[in-house]
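Chain by chain, the residues run as shown.
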Amino acid sequence: MKKTTAALCVLLALCLMLTGCGKAAAPEIATTDYSAAENWAYYAEGEGKEVDLFLICPTVDMNEEYNMSMDDERTKASFLGALNMERGLYEEQTRMFAPYYRQGAMKIYELSPEARESYLELAYSDVSAAFSYYLEHENNGRPILLAGFSQGADMCYRLLEEYFGEDELFDRLVAVYGIGWPMTEEMTKAYPQIRPASAEDDLGVVISFDCEAPEVTETFINPASQKALSINPLNWKTDGTVADRSENPGSCFTNYDGGISAEGAELCGCYIDEARGVVKVTDVEAAEYPAIVPGLPDGAYHVYDYLFFYRSLQANVALRIERYLAANALDAAA
């Protein structure tokens, strides 16, 4: 009888463990404090500009971990450098905000999308906290431009999901430059505030694309079974119309200081692969532009997404801001 009772106790304990009952809850991980200046890479840089930029860094953490440590000064230096590489697209037009956050390290992209999600959720908890702090303390009804490359683009979509379903905030949204991470039809159906750009000057929309050589058929960013919703960064069309290299006003290769190390017009053209929705780049050789990112095949031009089309994107940012400010001036005068 004693043995039977003991066995039942063990069985009950196992059941409690499996159901989560009878065990202490996992400790909550504290959200980063964005009232602290050291947790911002940029904070209100560019006073006097009429539009705010909230810029989210791509993946730079190459360490053997799943989320970046906010105490890792070496990785944070790379984080700032990656932001500096992009800032030239936006800085002439915007007051800039960019939080440090516990981004998912490159290691998570070896996992399945389902397995990596918990690490991206932790990253997003910081991004959301930073954006909430910005809204409360700095926005004051100002127009907003969201931008991010790669993991940063993923975080932009999540901000749209959480914050921009309300008309009041959505009306302040100039556009979203979500480059290097796919936007899908499923996302737009689930969240109507995620609206694909369809022209060079529409507002409140997402400008999204990722680049490949014509012969590439799949990457972990753009699986063969998935269709992305993209816009051509040269001719601003969403179909397969080819943009000739003569339409490219300038490719710029930037460095961690934000400077341009090399620049040239008419380097490459591009077109949208209408089956997969990715941007196919013409006129360049894959061997000259290595994929660099672990797990990406030769011809995956992901790291060059905005570099290949730098001057076109820069002009497009200015155009959309100009159109937004003009439209709102007319609304105010009406």
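Remarks on the sheet that holds strand S7 (residues 211–212)
Where strands meet in a sheet, backbone hydrogen bonds hold them as pairs that are either parallel or antiparallel. Spatially, three strands are ordered S7-S11-S10 in an open sheet, and the strand pairing comes out mixed. The sheet is open, and its two edges are formed by S7 and strand S10 (269–272), each paired on a single side. The pairing of S10 with strand S11 (residues 279–282) spans four bridges and is antiparallel. Bridge pairing in S11 places Gly269 opposite Thr282.

Some points on the environment of Thr188
For Thr188, the location among the structural elements is in helix H6 (residues 185–190). Given the relative accessible area of 17%, Thr188 is considered buried. On a C-alpha basis, the gap between Thr188 and Leu229 in space is 9.6 Å, while along the polypeptide they are 41 residues apart. Aside from chain neighbours lying at most four places away, what touches Thr188 is Met183, Ile194, Pro196 and Leu229. Among the polar contacts listed, one links the side chain of Thr188 to the backbone oxygen of Glu185, at a separation of 2.8 Å.

Brief notes about the pairing of strand S8 (residues 251–254)
By the alternation rule, side chains of S8 split into Ser251 and Phe253 and Cys252 and Thr254, which are all buried. Of the strand pairs in this sheet, S8 and strand S9 (residues 260–264) are connected by four bridges, and their pairing is antiparallel. The residue of S9 that forms the bridge with Ser251 is Gly264. Linking two consecutive strands that pair antiparallel, namely S8 and S9, is a turn of five residues; a positive phi of about 90° is found at Gly258 within it.

A few points about the sheet that holds strand S3 (residues 94–99)
Pairing is mixed across the open sheet formed by six strands, whose spatial order is S1-S3-S2-S4-S5-S6. The strands lining the two open edges of the sheet, one partner per strand, are strand S1 (40–45) and strand S6 (205–207). The sheet shows a mean angle of 20° between the axes of neighbouring strands, taken without regard to direction. In this structure, S1 lies alongside S3, joined through three bridges in antiparallel fashion.

Quick look at the pairing of strand S5 (residues 173–179)
Regular strands place side chains that alternate from one sheet face to the opposite one. Here S5 lies mainly inside the structure; seven of its seven residues are buried. Bridge analysis of strand S4 (residues 144–149) against S5 gives six bridges, and the strand direction is parallel. Bridge pairing in S5 places Gly148 opposite Gly178. Bridge analysis of S5 against S6 gives three bridges, and the strand direction is parallel. Bridge pairing in S6 places Ala175 opposite Val205. Following the chain from S5 across H6 to the adjacent parallel S6, one finds a crossover that is right-handed.

About the thresholds
- Residues numbered from 1 in each chain as written.
- Predicted model: local features only at pLDDT ≥ 70, side-chain atom pairs only at ≥ 80, totals over all residues.
- Heavy atoms only, no water.
- Pairing = 2+ DSSP bridges.
- Helix = DSSP H or I, 4+ residues; strand = E, 2+ residues; numbered from the N terminus.
- Buried < 20%, exposed > 50% of the residue type's maximum accessible area, 1.4 Å probe, protein only.
- Contact = heavy atoms within 4.5 Å.
- Polar contact = N/O pair within 3.5 Å; in protein donor to acceptor, adjacent residues only side chain to side chain.
- Axes fitted to C-alpha atoms, helices over the stretch in contact; angles between N-to-C directions.
- Right-handed = clockwise from strand over helix to strand, strands pointing away.

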